[in-house]
There are 2 protein chains.
Amino acid sequence: MLTFYYAPGTCALATHLALEYAEAPYDTVRLDFKQQQQRSAEYLRVNPKGRVPALVTDRGTLTETPALLQFIAESFPQAKLAPLDDPFLLGKVNEFNSYLCSTVHVNHAHKGRGTRWVEADDESSLAAMKKKVPQTMADAFDLIEKQMLQGPWVLGERFSTADLYLFTIAGWLEGDQVDVKRFPKVADHMQRMNAQPQVQKVLVAHQA
Amino acid sequence: MLTFYYAPGTCALATHLALEYAEAPYDTVRLDFKQQQQRSAEYLRVNPKGRVPALVTDRGTLTETPALLQFIAESFPQAKLAPLDDPFLLGKVNEFNSYLCSTVHVNHAHKGRGTRWVEADDESSLAAMKKKVPQTMADAFDLIEKQMLQGPWVLGERFSTADLYLFTIAGWLEGDQVDVKRFPKVADHMQRMNAQPQVQKVLVAHQA
């Protein structure tokens, strides 16, 4: 059995979707970030980073979205969530997921998590970071639209974990004041994803 | 044949080391960041992100360090650069590499690349970001020392791509005003890596 720790509104949605698509046996533990549950002594024993997602397996805990997505794809190969038999195509999935975690998620985090990089009382710098988020997110999605998302899925006709992760991060655009309609392939991708029963099931849990 | 694009002093060192450890057949193209060669029209056709590393294969170009490290490990399995037969252990490698790219490299980038997240003429915010880098890098390496690096290698006795990437990022600590001696396991890891002939060979190319 797997135990999955998540919080609504976070990138943990991507891993949650992967577990659902994989039809993996898993329990969930929902953390309340408003109550800072991710910083509780109990949770820090699960994940010393104090972040989500975290997946507790019978061999230990795994964190970091790209690692979790590949672990789930490999552990439940019948779900065909990654091109495990093709190093180059798998490389394209990992390239996409790595860009989302190291560039796009980081851009977004400058809106609400700026104290990671400047002092907490530096309101001027925090505001400056926040102000540029609509531009950095739009620039990133411009690259995704024109260069990275083949359509209808990230890899073209083949569905993969990159689609779960893209859907997760694209869901932040509206809150970041970026109109997804500027990116027709991304907008179409969001609609397709929203139409899938696994997505609807997990979104209900996150929105409850 | 593979063609590898890199620049000295960047995270491309990790992928360069992987190619060398894998005994892969590859050519190199060295970019001069001082002359902004990564922004040239010629290079943007190779990698529209305008960054390094990039690896041109006979099926197309791959970017992003974690993706490249796994691609090389899978393409040259005899080099045993990743536990490809063990999804959990491979997950630990990917977790480590993902943390380096999405958190530690990003912390470091706030010293010299702050204009990614605030306006280029906002000297006050750029200085505020730069000022916190020694703390954020030390915090990250404290977690690596205490929780993530088993020693002597990241996975314990088993060498992997995580060691190449850790060596690359740990090499930035001195310039970020963090004394690596605060982290005995990391310092020992750097010494072991520096003693390896593949590392010496690649460092000579980067320092030339």
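Cut-offs used in this document
Residue positions within a chain follow its written sequence, with the count starting from 1. By the order in which they are written, chains take letters starting at A while ligands take numbers starting at 1. Confidence filtering applies because this is a predicted model: local features only for residues at pLDDT of at least 70, side-chain atom pairs given and counted only at 80 or more, and all residues used for totals across whole chains, interfaces and linings. Helix and strand definitions follow DSSP, with helices as H or I runs of at least four residues and strands as E runs of at least two, each counted in order from the N terminus. Just to be clear, the radius of gyration here is over C-alpha atoms, and the globule rule we use is 2.2 Å times residues to the power 0.38. Using C-beta atoms placed from the backbone, we call a residue buried if 20 or more other C-beta atoms fall within 10 Å of its own, exposed if 12 or fewer do, and partly exposed for counts in between. What counts as a contact here is a pair of residues whose C-beta atoms, placed from the backbone, lie within 7 Å. Lys, Arg, Asp and Glu make up the charged group, whereas Ala, Val, Leu, Ile, Met, Phe, Trp, Tyr, Cys and Pro make up the nonpolar group; the residues left over, Gly among them, are polar. In this analysis, axes come from line fits to C-alpha atoms, helices being fitted only over the stretch in contact, and the angle between any two N-to-C directions falls in the range 0 to 180 degrees. To sort the angles, those under 35 degrees are grouped as roughly parallel, those over 145 as roughly antiparallel, those from 65 to 115 as roughly perpendicular, and the leftovers as oblique. Between any two strands, at least two bridges found by DSSP are needed for them to pair. Residue ranges assigned to each domain were obtained from an automatic or database domain assignment. In this comparison the copies share one frame, found by least squares on the C-alpha atoms of residues holding pLDDT of at least 70 in both. The nonpolar core criterion groups buried Ala, Val, Leu, Ile, Met, Phe, Trp, Tyr and Cys residues into a set whenever they are joined through C-beta atoms within 7 Å. Each residue gets a pLDDT score, which is the predictor's confidence in that residue and runs from 0 to 100.

Engineer: Just give me the short version of the overall build of chain A, but keep the residues and values in it.
Structural biologist: Summing up its helical and strand segments, chain A has eight helices and four strands in all. Listed N to C, the secondary structure of chain A is β-α-β-α-β-β-α-α-α-α-α-α in terms of helices and strands. Here the C-alpha atoms of chain A give a radius of gyration of 17 Å, agreeing with the 17 Å that 2.2 N^0.38 yields for 208 residues. By principal-axis analysis of the C-alpha atoms, chain A measures approximately 50 × 45 × 30 Å. Counting all 208 residues of chain A, 49% fall into the buried class.

Engineer: Report on the interface of chain B and chain A, specifying residues and quantitative values.
Structural biologist: It is common to give the size of an interface as the accessible area that goes away when the parts come together. Contact residues are listed per partner, giving 37 residues for chain B and 37 residues for chain A. Broken down by secondary-structure element, the contributors of at least two residues to the side of chain B that touches chain A are strand 4 (60-63), helix 3 (65-75), helix 4 (87-112) and helix 5 (123-148) of chain B. Sorting elements by how many residues they give to the side of chain B that touches chain A places helix 4 of chain B first, with 12 residues. Class assignment of the residues belonging to the side of chain B that touches chain A gives a composition of 15 nonpolar, 14 polar and eight charged.

Engineer: How would you explain the packing of helix 6 (residues 161-170) of chain A against helix 7 (residues 184-194) of chain A if you had to name every residue and give the values?
Structural biologist: Residues and elements named next belong to chain A. Relative to each other, helix 6 and helix 7 sit at 105 degrees, their axes nearing to 10 Å. Looking at the two axes, helix 6 sits roughly perpendicular to helix 7. Contact residues: helix 6 offers D163, L166, F167 and A170, while helix 7 offers V186, H189, M190 and M193. Tallied by class, the residues present in the contact of helix 6 with helix 7 amount to six nonpolar, one polar and one charged.

Engineer: How would you sum up the pairing of strand 3 (residues 54-57) of chain B? Please name residues and give values.
Structural biologist: All names here are of chain B. Where strand 1 (residues 2-6) lies against strand 3, three bridges are found, and the strand directions are antiparallel. Within strand 3, the position partnered with Y5 by the bridge is A54. Both strand 3 and strand 4 contribute to a ladder of four bridges, which runs antiparallel. For A54, the partnering residue across the bridge sits in strand 4 and is T63. Taken together, strand 3 and the strand that follows it, strand 4, pair antiparallel across an intervening segment of two residues.

Engineer: Can you explain the domain arrangement of chain A? Please cite residues and give values.
Structural biologist: Residue and element names in this part refer to chain A. Under the domain assignment, chain A is made up of domain 1 (2-80 + 202-207) and domain 2 (87-196). Inter-centroid distance (C-alpha atoms) of domain 1 to domain 2 is 19 Å. Each partner contributes to the interface: domain 1 provides nine residues, whereas domain 2 provides nine residues. Looking at the side of domain 1 that touches domain 2, the elements with two or more residues in it are helix 1 (12-21) and helix 3 (65-75). Partitioning the side of domain 1 that touches domain 2 into residue classes produces eight nonpolar, one polar and no charged.

Engineer: Describe the sheet that holds strand 2 (residues 26-30) of chain A, with residues and values.
Structural biologist: Residue and element names in this part refer to chain A. On the basis of which strands lie adjacent, the open sheet formed by four strands has the order 2-1-3-4 and mixed pairing. Both outer strands of the open sheet, strand 2 and strand 4 (60-63), are each paired with one neighbouring strand and no more. Across the sheet, the mean angle from the axis of one strand to that of its neighbour is 20 degrees, orientation sign disregarded. This element, helix 1, spans strand 1 (2-6), strand 2 and strand 3 (54-57) of the sheet and lies at about 150 degrees to strand 1.

Engineer: So, the packing of helix 3 of chain A against helix 4 (residues 87-112) of chain A: which residues are in play, and what are the values?
Structural biologist: When two helices pack together, their arrangement is given by the angle between their axes and by how far apart the axes lie. All names here are of chain A. Close contact between helix 3 and helix 4 brings their axes to 9 Å; oriented N to C, the two are set at 150 degrees. As summarised for this structure, helix 3 and helix 4 are arranged roughly antiparallel, according to the angle between their axes. Packed against helix 3, whose contacting residues are T65, P66 and L69, the element helix 4 presents N94, N97, S98 and C101 at the interface. Of the residues that constitute the contact of helix 3 with helix 4, the class distribution is three nonpolar, four polar and no charged.

Engineer: Outline the relation of the copies chain B and chain A, supporting the account with residue identities and numerical values.
Structural biologist: Once chain B has been moved 0.0 Å along the axis and rotated by 180 degrees, it coincides with chain A to within an RMSD of 0.0 Å. The transformation relating the two chain copies, once decomposed into turn and shift, fits a two-fold axis. When C-alpha positions in chain B are compared against the rotation axis, the closest is assigned to B:S102, at 2.0 Å. Here 100% of the interface residues in chain B have copies in chain A that are interface residues too; the copies meet face to matching face.

Engineer: I'd love a proper account of the nonpolar core, names of residues and values included.
Structural biologist: Ranked by size, the top nonpolar core spans 57 residues in total, and within it A:A18 and A:I72 carry the most contacts. When residues are assigned to domains, this core turns out to be shared by domain 1 (2-80 + 202-207) and domain 2 (87-196) of chain A, each giving three or more. If near-sequence neighbours (up to four positions away) are discounted, A:A18 is found in contact with A:L69, A:I72, A:L81, A:T161 and A:L164. Listed in part, the 56 residues of the second largest apolar core include B:Y5, B:C11, B:L17 and B:I169.

Engineer: Please give an account of the sheet that holds strand 1 of chain B that cites residues and values.
Structural biologist: Residues and elements named next belong to chain B. Taken together, the four strands give an open sheet; going across it, the order is 2-1-3-4, and neighbouring strands pair in mixed fashion. The open sheet terminates on both sides in strands that have one partner only, identified here as strand 2 (26-30) and strand 4. Put simply, the sheet's adjacent strands are angled 20 degrees from each other on average, direction ignored. Note that strand 1 and strand 2 share five bridges and pair parallel. Across the sheet, residue T3 finds its bridge partner in strand 2, namely D27.

Engineer: Could you give an account of the confidence of the model for chain A, naming the residues involved and the relevant values?
Structural biologist: Per-residue pLDDT for chain A averages 97, and the proportion of residues at 70 or more is 100%. Prediction confidence for the complex, expressed as pTM and ipTM, is 0.98 and 0.97 respectively.

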